[in-house]
Amino acid sequence: MSLTPLLNAGLVIQIHVIAAIAAFLLGALVLWRRKGTRLHKALGKVWVVLMLVVATSSLFIHEGRLFGPFSPIHILTLVTYIGIGQALWAIKVQRDVVAHRAGMQGTYIGALLLAGAFTFLPGRRMHAVLFGAEAGWTPCLVIIALALSVAALSWWRLLRGAHSVQR
C-alpha cells in the first residue's frame, strides 16, 4: 500500500477520495445504528454534506472520458443527487421513515459500496494505492466480489424490510 498515487493526484481527486472514505465510514455508523436520535440526525447531516462533496467533486474528475468530459460513472453523480433529494423529501415533507431509510441505504450501497468497489480495478488510482500498480486482477476481484456480495445482501434485506412493512 502506498499513498503516493493519491498524493500525486490533483486537489479535486484528493478531496473526492477523502470525502468518499469519510462518507463510507460515517455512513456505516449512521445508516445501521439506532435511528431518530439527535446524534443520528446530526451525523446524518454531516453524511449528506460529505455525499454532496463526493458527488460534486466527481463532476470535476475527467479521467475516463467517453461523453465529452464525462464517463458512465458520472451517471452515479446524478443518481446520488436524486437519491439524497428523495430521501430528504421523504423524511422532511412526507414524514415517511421507510422511504427515507430506503433512499439513504440505497444511496450508500450504490454510490459508495458498488461504485467504490470499481475504483479498485487495475489501472485506477485506488488500485495503485491499495495494491500497487503491478498487482494485477486478483486482489481487485476479491474486493469487487466482496462488495457485490455485501451490496446484494443489503439490497435483499432492504427489499425484505420494505415488503414486511407493506403487509
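Quantities reported herein were computed from a predicted structural model and do not represent experimental measurements.

Chemist: Could you give me a rundown of the layout of surface pockets, with the residues and numbers involved?
Modeler: Where empty space is left becomes clear once a probe the size of a water molecule has been rolled over the atoms. By volume, the largest pocket amounts to about 1,100 Å³. Around the largest pocket, the lining comprises 37 residues; the ones closest to its centre are His 16, Ala 20, Ala 115, Gly 116 and Thr 119. Only helix H2 (11-31), helix H3 (38-58), helix H4 (75-92), helix H5 (97-117), helix H6 (125-130) and helix H7 (138-166) provide two or more residues apiece to the lining of the largest pocket. Residue contributions to the lining of the largest pocket peak at seven residues, all from H2.

Chemist: Lay out H4 in plain terms, naming residues and giving numbers.
Modeler: Because an α-helix packs 3.6 residues into every turn, residues spaced three or four apart end up facing the same way. Across its 18 residues, H4 extends 26 Å between first and last C-alpha, which sits within 8% of the 26 Å expected from 1.5 Å per residue. When we look at burial in H4, the residues that qualify are Thr 77, Thr 80, Gly 83, Ile 84, Ala 87 and Ala 90. Summarising the axial view, the buried residues of H4 lie within an arc of 165 degrees, below the 170-degree limit, and thus occupy one face. Facing away from the buried side of H4 by more than 90 degrees, the exposed set consists of Ile 75, Leu 78, Gln 86, Trp 89 and Lys 92. On its buried face, H4 is in contact with H3 and H5.

Chemist: Give me a nonpolar patch on the surface: which residues, what numbers.
Modeler: A surface patch of nonpolar side chains, about 450 Å² in accessible area, is lined by Met 1, Leu 3, Leu 7 and Leu 130. Tracing the backbone shows Met 1 in the segment before helix H1 (4-7).

Chemist: Talk me through the packing of H4 against H5; I want residue IDs and the actual numbers.
Modeler: The interhelical angle for the contact between H4 and H5, taken along N-to-C directions, is 160 degrees, at an axis separation of 7 Å. Judged by the inter-axis angle, H4 sits roughly antiparallel to H5. The way H4 lies across H5 gives a crossing that is left-handed. Note on element contacts: H5 touches H4 through Val 97, Ala 99, His 100, Gly 103, Met 104, Thr 107, Gly 110, Ala 111 and Ala 115, opposite Leu 76, Thr 80, Gly 83, Ile 84, Ala 87, Leu 88, Ala 90 and Ile 91. Within the contact of H4 with H5, the residues separate by chemical class into eleven nonpolar, six polar and no charged.

Chemist: A description of the nonpolar core should follow, citing residues and the corresponding values.
Modeler: Ala 23, Trp 47, Met 51, Met 104 and Leu 112 are the most contacted members of the largest nonpolar core, which has 17 residues in total. Mapped by element, the contributors of at least two residues to this core are H2, H3, H4 and H5. For this core, the element with the most residues is H2, which contributes six residues. The residues contacting Ala 23, other than those within four sequence positions of it, are Trp 47, Leu 50, Met 51, Tyr 108 and Leu 112. By size, the runner-up hydrophobic cluster in this structure holds nine residues, among which are Ala 9, Ile 13, Ile 61 and Met 126.

Reading guide: rules and limits
- Residues numbered from 1 in each chain as written.
- Predicted model: local features only at pLDDT ≥ 70, side-chain atom pairs only at ≥ 80, totals over all residues.
- Heavy atoms only, no water.
- 1 Å grid on protein atoms, 1.4 Å probe; cavity = no way out; pocket = protein on both sides within 12 Å on 5 of 7 lines; lining within 4 Å.
- Points joined across faces, edges and corners; volume = space filled by probe spheres on them.
- Helix = DSSP H or I, 4+ residues; strand = E, 2+ residues; numbered from the N terminus.
- Expected span 1.5 Å × (residues − 1).
- Buried < 20%, exposed > 50% of the residue type's maximum accessible area, 1.4 Å probe, protein only.
- Arc of directions from axis to C-beta.
- Contact = heavy atoms within 4.5 Å.
- Patch = residues over 30% accessible without salt bridge, like charges linked within 9 Å, V, L, I, M, F, W, Y side chains within 5 Å.
- Areas by Shrake-Rupley, 256 points an atom, 1.4 Å probe, with all protein chains shown as cover.
- Salt bridge = Lys/Arg side-chain N within 4 Å of Asp/Glu carboxyl O.
- Axes fitted to C-alpha atoms, helices over the stretch in contact; angles between N-to-C directions.
- Parallel < 35°, antiparallel > 145°, perpendicular 65-115°, else oblique.
- Left-handed = near helix turned anticlockwise from the far one by under 90°.
- Nonpolar A, V, L, I, M, F, W, Y, C, P; charged D, E, K, R; others polar.
- Core = buried A, V, L, I, M, F, W, Y, C linked by side-chain atoms within 4.5 Å.

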